[in-house]
Amino acid sequence: MTPKMKSLKILRLCLVMLTVASPSVAQTSFDSEGGCLNVVDVSYAKGLGEYGDGGISANYLHEKFINDRFSIGPGAGYSYHQKYKFSAILIYLSTHYFFLDKRFSPFVNLRLGGYAMFNTKNVGANEKYSLSKEKQSFSLYFSPSVGLKIHVTPSIGIMASVSDESYLVNNAYDTQSNGYKSKLVHGLGISIGACFQINGW
């Protein structure tokens, strides 16, 4: 084999390798046509303000891509609140906006919906962080956040974020008025989770 033929053979081999490798290198972000964005995350929150409360929570989101950067869909979760001593089931609408269609991308997220309170323990104590004996109704929940998405593979990634976890707590004790009233309770949350795409789902 002549040197020229060897060079052509090596060139062809390089072209084949580049052709095979290019799609895997390029596909560093979710495909908006390849299924919904699924997110499973856990978070820990610390109370903000005089009546703020924190705790732990876990969530699952299933969002449909509107385009390469924007997705929206339903979410559900569970949270436990340390100071008010209650558990909650969350149901909400969630939306993500990714600033870059790349492997690493900052994003903003907003969750808006409500929660049902159960397993209340600090009831009728007439003290800070206690709840009245009245039955608690379904109430408002919302959480804006900022974070970063990092892809491990084209269809699997890790997401980390910082959020303001906000709950409207009905009939919470107010130490200034010595009575029960509705309060918007805030917590600063730190969350980490996995995001993934399954074709057709």
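Residues numbered from 1 in each chain as written. Predicted model: local features only at pLDDT ≥ 70, side-chain atom pairs only at ≥ 80, totals over all residues. Heavy atoms only, no water.

Engineer: Residue-level account of the overall build of the protein chain, with values.
Structural biologist: Counting its regular elements, the protein chain contains 1 helix and 8 strands. Mapped in sequence order, the helices and strands of the protein chain form the string α-β-β-β-β-β-β-β-β. Classification of the 201 residues of the protein chain by burial places 40% in the buried group. Sequence separation of 24 or more characterises 62% of the internal contacts of the protein chain that already satisfy a separation of 6 or more. Element-wise, carbon and sulfur atoms account for 66% of the exposed surface of the protein chain, whose accessible area totals about 11,200 Å². (Helix = DSSP H or I, 4+ residues; strand = E, 2+ residues; numbered from the N terminus. Buried < 20%, exposed > 50% of the residue type's maximum accessible area, 1.4 Å probe, protein only. Contact = heavy atoms within 4.5 Å. Areas by Shrake-Rupley, 256 points an atom, 1.4 Å probe, with all protein chains shown as cover.)

Engineer: Give me the sheet that holds strand β7 (residues 156–174): which residues, what numbers.
Structural biologist: The antiparallel closed barrel is built from 8 strands, whose spatial order is β1-β2-β3-β4-β5-β6-β7-β8. Here the average twist between neighbouring strands, direction ignored, is 25°. (Pairing = 2+ DSSP bridges. Axes fitted to C-alpha atoms, helices over the stretch in contact; angles between N-to-C directions.)

Engineer: Any chance you could break down the pattern of salt bridges for me, citing the residues and the numbers?
Structural biologist: Enumeration according to the criterion identifies 3 salt bridges in this entry. Between R111 and D41 there is a salt bridge; the shortest N-O distance is 2.8 Å. Of this pair, R111 sits in strand β5 (residues 104–118) while D41 sits in strand β1 (residues 37–48), and the two are 70 residues apart along the sequence. The same class applies to R111 and to D41, which are both buried. Across the pair D174 and K183 runs a salt bridge whose closest N-O atoms are separated by 2.6 Å. Considered together, D174 and K183 belong to a single accessibility category, that of buried residues. (Salt bridge = Lys/Arg side-chain N within 4 Å of Asp/Glu carboxyl O.)

The values reported here are purely geometric and, on their own, carry no functional implication.
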